[in-house]
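# Structural characterization, general
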Amino acid sequence: MLIIFTGNGKGKTTAALGQAVRIMGRGKKALIVQCIKGPWKSGEDFFRETFDIPKETFNIRKMGLGFVGILGDTLPKEKHIEAAKSALATFKEALESNKWDLIVLDEVNVAVSLGLLTVDEVLKVAENIPEEKLVVFTGRGAPQEFIDKADLATEMREIKHPFADGKKAKISIEF
Ligand code: ATP
Ligand code: MG
C-alpha cells in the first residue's frame, strides 16, 4: 500500500510518524528514510534512544544535506542529487530486505520537484510494494504520477500557521 501526504499545510511528516507509532503499537517495524533533511536534529530523532527502542524496530535515517538552493546553501546541486539517490537506494534496500512493515520516504515529493530525483526512478523502486507492506511518501507538491499510483493520498492545506505572523519555528512543535 502506498500513502501520500502532501500539501502546503503542516502535518505531513508528523502524520507519517504517527503512522509509524500506530504500526509499532501492533508489534511491527517502522523505518523512516529522509531526503533533504539533515544534519539538524528534530524531536523524533531522539525518540528511539530516549525510550530505548531497538534500531531494528524503529529507525530514522537522515540522508539529506539540508536546504537545497536556499537559506545559505553553498553545496553544488550534484551533492544534493547524490544524497537523494543514496536515500532512494536505502529505501529500495529496506523494501527488498523484508525487515520493515512501514517505510517512510520523507520529503521525496520535494526531492522530485527540486529535480534531485525523477518521478520514474522513484516509481521504479516503488513498483512492487508487497500487499502487507506500507510505504509513505511525504512532501509538498506530490507529482500526479505518485497520486495516481497511491492507494491513499491526503493533502494538508494551510489554514493558519504562526510562521505567517513572523513567529519562529518552535522546539517540540516544528522540530
Ligand atoms: P511537520 O514536520 O511539522 O509535520 P510538514 O512535514 O508538513 O511539517 P514540511 O513541508 O516538511 O512540513 O516543512 C517542514 C517545516 O516547516 C516544519 O518545521 C513545519 O512545521 C514547517 N511548516 C509546515 N507547514 C508550514 C507552513 N504552511 N508555513 C510555515 N511553516 C510550515
Ligand atoms: Mg515534512
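Please read these numbers as outputs of a predicted model, since none were measured by experiment. (Residues numbered from 1 in each chain as written. Chains lettered and ligands numbered in written order. Predicted model: local features only at pLDDT ≥ 70, side-chain atom pairs only at ≥ 80, totals over all residues. Heavy atoms only, no water.)

## Quick word on the packing of aromatic side chains
Per the counting criterion, the structure on display carries 5 aromatic pairs. With centroids separated by 5.7 Å and ring planes inclined at 45°, the aromatic side chains of W40 and F67 adopt a geometry described as tilted. Of this pair, W40 sits in the loop between β2 (30-34) and α2 (44-50) while F67 sits in the loop between β3 (58-62) and α3 (77-97), placing them 27 residues apart in sequence. Classification of F67 as partly exposed rests on a relative accessible area of 39%. A network of ring pairs unites the aromatic residues F47, F51 and F58 as a single cluster. (Phe/Tyr/Trp six-rings, centres within 6.5 Å; stacked < 30°, edge-to-face > 60°. Helix = DSSP H or I, 4+ residues; strand = E, 2+ residues; numbered from the N terminus. Buried < 20%, exposed > 50% of the residue type's maximum accessible area, 1.4 Å probe, protein only.)

## A word on the coordination of the magnesium ion (ligand 2)
Coordination of the magnesium ion (ligand 2) by the protein comes from T13 (OG1) and E107 (OE), over a distance range of 2.1 to 2.3 Å. A residue pair is termed long-range when its members are at least 10 positions apart, and T13 in helix α1 (residues 12-24) and E107 in the loop between β4 (102-106) and α4 (108-113) qualify at 94 residues. Here T13 and E107 have matching classes, each one buried. (Donors = N, O, S within 2.8 Å, 3.2 Å for Na, K, Ca; no water.)

## Section: the site of ligand 1
Ligand 1 sits among 13 residues. The nearest are K10, K12, T14, E107 and E158. Contacts to ligand 1 include T13, whose side-chain N or O atom sits 2.9 Å from an oxygen atom. For ligand 1, a nitrogen atom lies 2.6 Å from a polar atom in the side chain of E158. With respect to the detected pockets, ligand 1 is housed in the largest pocket. Broken down by class, the residue content of the shell around ligand 1 amounts to 1 nonpolar, 6 polar and 6 charged. (Near = heavy atom within 4 Å. Polar contact = N/O pair within 3.5 Å; in protein donor to acceptor, adjacent residues only side chain to side chain. 1 Å grid on protein atoms, 1.4 Å probe; cavity = no way out; pocket = protein on both sides within 12 Å on 5 of 7 lines; lining within 4 Å. Sits in = over half its atoms within 2 Å of the grid points. Nonpolar A, V, L, I, M, F, W, Y, C, P; charged D, E, K, R; others polar.)

## Description of unusual backbone geometry
The omega torsion of the bond from G38 to P39 falls at -5°, within 30 degrees of zero and hence cis. Along the polypeptide, P39 turns up in the loop between β2 and α2. Although it is not a glycine, D52 sits at a positive phi angle of roughly 55°. Note on placement: D52 falls in the loop between α2 and β3. D52 sits in the exposed class, given a relative accessible area of 69%. One non-glycine residue with positive phi stands out, namely E107, at about 65°. A residue is classified by how much of its surface remains accessible, and E107, at 16% relative accessible area, is buried.

## Considerations on the side chain of D106
Structurally, D106 can be placed in strand β4. Not counting residues within four places of it along the chain, the set of residues in contact with D106 comprises T13, I32, V33, Q34, C35, K37 and T138. (Contact = heavy atoms within 4.5 Å.)

Read these as layout, nothing more, since geometry by itself doesn't imply function.
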